[in-house]
Amino acid sequence: MFNKINVNLQAAGRQAMENENFVVDLPAAVVAEIKNPSENDSARNQKGIVDLRALLWSSIDNEDSRDLDQIEVAERLDGDNIRLRVGIADVDTDVPQNSATDRFAAENTTSVYTGASTFPMLPRQFSENITSLLEGEERLAIIIDFTVAANGGVKLNDIYRARVENRARLNYQEVGDWLDGKGQIRANEAYKSALEVQLRLQDEAADRLQAVREHAGALQFGTVEATTAKRDGEVYDVVIQQKNQARYLIENLMITSNVLISGFLKSKNSPRLERVVRRPERWQRIVELAAKLGETLPAEPDSGALSDFLEKRRLADPIHFPDLSLSVVKLIGAGEYTVVEPGGESAGHFGLAVNAYTHSTAPNRRYADLITQRLVKAAIASAPPPYSLAELEQIAERCNERQTAERKVERIMRKIVAAEVLTGRIGETFAGIITGVSGKGTFVRLLTPPAEGMIVRGESGVDVGDRVNVRLINTNPEKGFIDFEKV
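Below, the structure is looked at part by part.

Scoring rules and cut-offs
Residues numbered from 1 in each chain as written. Predicted model: local features only at pLDDT ≥ 70, side-chain atom pairs only at ≥ 80, totals over all residues. Heavy atoms only, no water. Helix = DSSP H or I, 4+ residues; strand = E, 2+ residues; numbered from the N terminus. Rg over C-alpha atoms; globule rule 2.2 N^0.38 Å. Buried < 20%, exposed > 50% of the residue type's maximum accessible area, 1.4 Å probe, protein only. Contact = heavy atoms within 4.5 Å. Areas by Shrake-Rupley, 256 points an atom, 1.4 Å probe, with all protein chains shown as cover. Lys, Arg positive; Asp, Glu negative; His and termini not counted. Charge placed at Lys NZ, Arg CZ, Asp CG, Glu CD. Axes fitted to C-alpha atoms, helices over the stretch in contact; angles between N-to-C directions. Parallel < 35°, antiparallel > 145°, perpendicular 65-115°, else oblique. Left-handed = near helix turned anticlockwise from the far one by under 90°. Nonpolar A, V, L, I, M, F, W, Y, C, P; charged D, E, K, R; others polar. Pairing = 2+ DSSP bridges. Phe/Tyr/Trp six-rings, centres within 6.5 Å; stacked < 30°, edge-to-face > 60°. Lys NZ or Arg CZ within 6 Å of the ring centre and 35° of its normal. Salt bridge = Lys/Arg side-chain N within 4 Å of Asp/Glu carboxyl O. Expected span 1.5 Å × (residues − 1). Arc of directions from axis to C-beta. Polar contact = N/O pair within 3.5 Å; in protein donor to acceptor, adjacent residues only side chain to side chain. Core = buried A, V, L, I, M, F, W, Y, C linked by side-chain atoms within 4.5 Å. Patch = residues over 30% accessible without salt bridge, like charges linked within 9 Å, V, L, I, M, F, W, Y side chains within 5 Å.

## Topic: the overall build of the protein
Phase 1: Secondary structure assignment for the protein yields 14 helices and 17 strands.
Phase 2: A compact globule built from 487 residues should have a C-alpha radius of gyration of about 23 Å, and the protein, at 23 Å, falls within 12% of that.
Phase 3: The C-alpha extent of the protein, read off along each of the three principal axes, is 70 × 55 × 50 Å.
Phase 4: Scored against the burial criterion, the 487 residues of the protein give a buried share of 53%.
Phase 5: Considering only intrachain contacts with a sequence separation of at least 6, the fraction spanning at least 24 residues in the protein is 71%.
Phase 6: When the accessible area of the protein is evaluated, it comes to approximately 21800 Å², of which 46% is carbon and sulfur surface.
Phase 7: Each charge class in the protein was averaged separately, 60 positive and 71 negative side chains, and the resulting centres sit 1 Å apart.

Structure below.
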């Protein structure tokens, strides 16, 4: 069934961006830089840039993505070791610090995906062309070169600059199906068989990395992500985005790369812009949810104990595990950017069970990653950091504020589509789970369809994680309002 969406989603997306104070239109100085992009020959021809164009690089991303940030290649070594090289687009070379385009990116700090349209952090001429690791194009990249042992141990070989060429632009659905034995990979026949071999190696390495992460207490959630569904380019519904093996593959390689980047900067006595998820303030509520399911968690936050509990529940009740995962995610809270001084220690990432973690693998889409890239390039060149601690603090504060605004825009756009889809179902009763309780209201997410709204009647006495039945009493697609009463 395909629903007709009557709201102009492009206009609604623009309005949502403006409501959250994003800069939507490109400033004149940025347009001028687009027309006359900097060649930056000195940066392109510095000593130490390695030529790795002959390697069989490939990328895995969403089918419609053109802002490609990373590519990967793998090879098996002696002793059952697997060498991984992850290439990250060298955005800094074409978007220099303090250029008009850089200042524009610093204002918004992130790309925003509304479902119907995308508002990129960098102008499309950069993020989808000049600075994108497009198939068949020579590009500069930052290489994270590491070896994964048979037991999942990781050894950083080096981090350096290189020339690369993406040989195969792949997508999550296609690679996931192929890894599950359900389909074929579309690639140049000249190297398709070799590509399949090294993709299997990437997957094997990713499995090793995940096993070690789980043993360390990294949390493995089964949350379902709501996203808009399109047909012939038009949005018609809100659906659940399933996570397949290809997404786990990339997730594990990127997490490892980010941990290694953080360690590299620390070893070079450089300041770091870390990504932190602190110990949950609402740990007691997580303990209560576990107790309702007959499990006991320690009184103090413990990622290992929580990881064991989640895995036990995943095996015991896979149908309702996504509901539990969503509750725990909400109670742990969102990550934030913090600055760590040279030689200092990070507050850590509770969800990933690592002591130090940064964002570095998406410089086309996140400003924090571009900042980290500049810190890395300075460290590689044994040059002073390009930012003072005070400047990094300001950047971290801006990135945190804008990521909150980004979530608001993306959430309101999903709610606009969901309100349209639900408009004809006033009076129906749905199963849901409480996702938020605050002074702004009590929020519930339906299990099917995955729409979120507010309980405006009978909301007292519920908390995050409670399962409830709610009746739909009103929708306002123009504003994205969906109102329920608790049954």
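## Remarks on the packing of helix 10 (residues 283-292) against helix 12 (residues 321-332)
Phase 1: The contact between helix 10 and helix 12 brings their axes to 9 Å, and the two run at 160°. Our classification of the angle between helix 10 and helix 12 gives roughly antiparallel. Crossing geometry of helix 10 relative to helix 12 is assigned as left-handed. On helix 12, the residues touching Arg285, Ile286 and Leu289 of helix 10 are Ser327, Val328, Leu331 and Ile332.
Phase 2: Split into classes, the residues belonging to the contact of helix 10 with helix 12 amount to 5 nonpolar, 1 polar and 1 charged.

## A short note on the pairing of strand 11 (residues 272-276)
Phase 1: Most of strand 11 sits out of view: 5 of its 5 residues are buried.
Phase 2: Both faces of strand 11 are covered, namely the face carrying Arg272, Glu274 and Val276 and the face carrying Leu273 and Arg275.
Phase 3: Pairing analysis gives 5 bridges linking strand 11 to strand 12 (residues 336-340), with the strands arranged antiparallel. Bridge assignment links Leu273 to a residue of strand 12, and that residue is Val339.

## Section: unusual backbone geometry
Phase 1: The peptide bond linking Thr448 to Pro449 adopts the cis configuration, its omega dihedral lying at -10°.
Phase 2: By the secondary structure assignment, Pro449 is in the loop between strand 14 (441-446) and strand 15 (452-457).
Phase 3: Even without being a glycine, Ser382 presents a positive backbone phi close to 55°.
Phase 4: Along the chain, the position of Ser382 falls in the loop between helix 13 (367-380) and helix 14 (389-422).
Phase 5: A residue is classified by how much of its surface remains accessible, and Ser382, at 67% relative accessible area, is exposed.

## As for the packing of aromatic side chains
For any pair of aromatic rings, geometry is given as the distance between the ring centres together with the angle between the planes.
Phase 1: Taken as a whole, this structure holds 1 aromatic pair when the rule is applied.
Phase 2: The ring of Tyr191 carries Arg167 above its face, with NZ or CZ at 6.0 Å from the centroid.
Phase 3: Sitting over the face of the ring of Phe22, Arg402 holds its NZ or CZ atom 4.4 Å from the ring centroid.

## Description of the pattern of salt bridges
Phase 1: Scanning the model with the defined rule gives 40 salt bridges in all.
Phase 2: A salt bridge links Glu345 to Lys266; the nearest nitrogen and oxygen atoms lie 2.7 Å apart. Of the two residues, Glu345 sits in the loop between strand 12 and helix 13 while Lys266 sits in helix 9 (residues 245-267), which places them 79 residues apart along the sequence.
Phase 3: Salt bridges sharing partners connect three or more residues here, namely Asp90, Asp92, Asp102, Arg161, Arg374 and Lys377.

## Let's talk about helix 10
Because each turn of an α-helix spans 3.6 residues, side chains separated by three or four positions end up pointing in the same direction.
Phase 1: Trp283, Arg285, Ile286, Val287, Leu289 and Ala290 are the residues of helix 10 that are buried.
Phase 2: On the buried face of helix 10, the contacting elements are helix 11 (303-316) and helix 12.

## Thoughts on helix 11
Phase 1: End to end, helix 11 covers 20 Å across 14 residues, agreeing with the expected 20 Å (1.5 Å per residue, within 8%).
Phase 2: Of all the positions in helix 11, only Ser303, Leu306, Ser307, Phe309, Leu310 and Arg313 are classed as buried. Angular distribution of buried residues about the axis of helix 11 spans 165°; they occupy a single face of the element. Projecting away from the buried face of helix 11 at angles above 90 degrees are the exposed residues Asp308, Leu315 and Ala316.
Phase 3: Those residues of helix 11 hidden inside the fold are in contact with helix 8 (192-216), helix 10 and helix 12.
Phase 4: At the N-terminal boundary of helix 11, the capping side chain belongs to Asp302, with an oxygen 3.0 Å from the backbone nitrogen of Gly304.

## What about the sheet that holds strand 13 (residues 429-438)?
Phase 1: Spatially, 5 strands are ordered 13-14-15-17-16 in a closed barrel, and the strand pairing comes out mixed. Here the strands of the sheet are splayed against their neighbours by 55° on average, with no regard to which way each runs.
Phase 2: The sheet contacts of helix 12 involve strand 13, strand 14 and strand 16 (467-476), and relative to strand 13 the element is tilted by about 15°.
Phase 3: Each of strand 13, strand 14, strand 15, strand 16 and strand 17 (481-486) is contacted by helix 14, which is oriented at about 70° to strand 17, the strand it contacts most.

## Digging into the pairing of strand 15
Remember that side chains alternate between the two faces of the sheet whenever the strand is regular.
Phase 1: Sheet topology note: the strand 14/strand 15 ladder contains 4 bridges and is antiparallel. Within strand 15, the position partnered with Arg445 by the bridge is Glu452.
Phase 2: Taking the residues that link successive antiparallel strands as the turn, the strand 14-strand 15 hairpin has 5 residues.

## Things to note about the nonpolar core
Phase 1: In this structure, Val164 and Tyr367 are the most contacted members of the largest nonpolar core, which totals 73 residues.
Phase 2: Here this core gets 9 residues from one element, more than from any other, and that element is helix 9.
Phase 3: Non-local contacts of Tyr367, meaning those with residues more than four positions away in its chain, are made with Asp102, Ala105, Ala106, Thr109, Met121, Arg374, Tyr387, Ile395 and Cys399.

## Describing a positive patch on the surface
Phase 1: On the surface, Lys330, Arg407, Lys408, Arg411 and Lys440 cluster together into a positively charged patch.
Phase 2: Residue placement: Lys330 occurs in helix 12.

## Overview of the side chain of Ser270
Phase 1: Inspection of the secondary structure assignment puts Ser270 in the loop between helix 9 and strand 11.
Phase 2: Look at Ser270 and you get buried, because its relative accessible area is 5%.

## Details of the environment of Glu63
Phase 1: Counting through the fold element by element, Glu63 comes out in the loop between strand 2 (57-61) and strand 3 (70-77).
Phase 2: When the C-alpha atoms of Glu63 and Glu174 are compared, they prove to be 8.7 Å apart, with 111 residues separating the residues in sequence.
Phase 3: Excluding residues within four positions of it along the chain, Glu63 makes contact with Arg169, Asn171 and Arg186.

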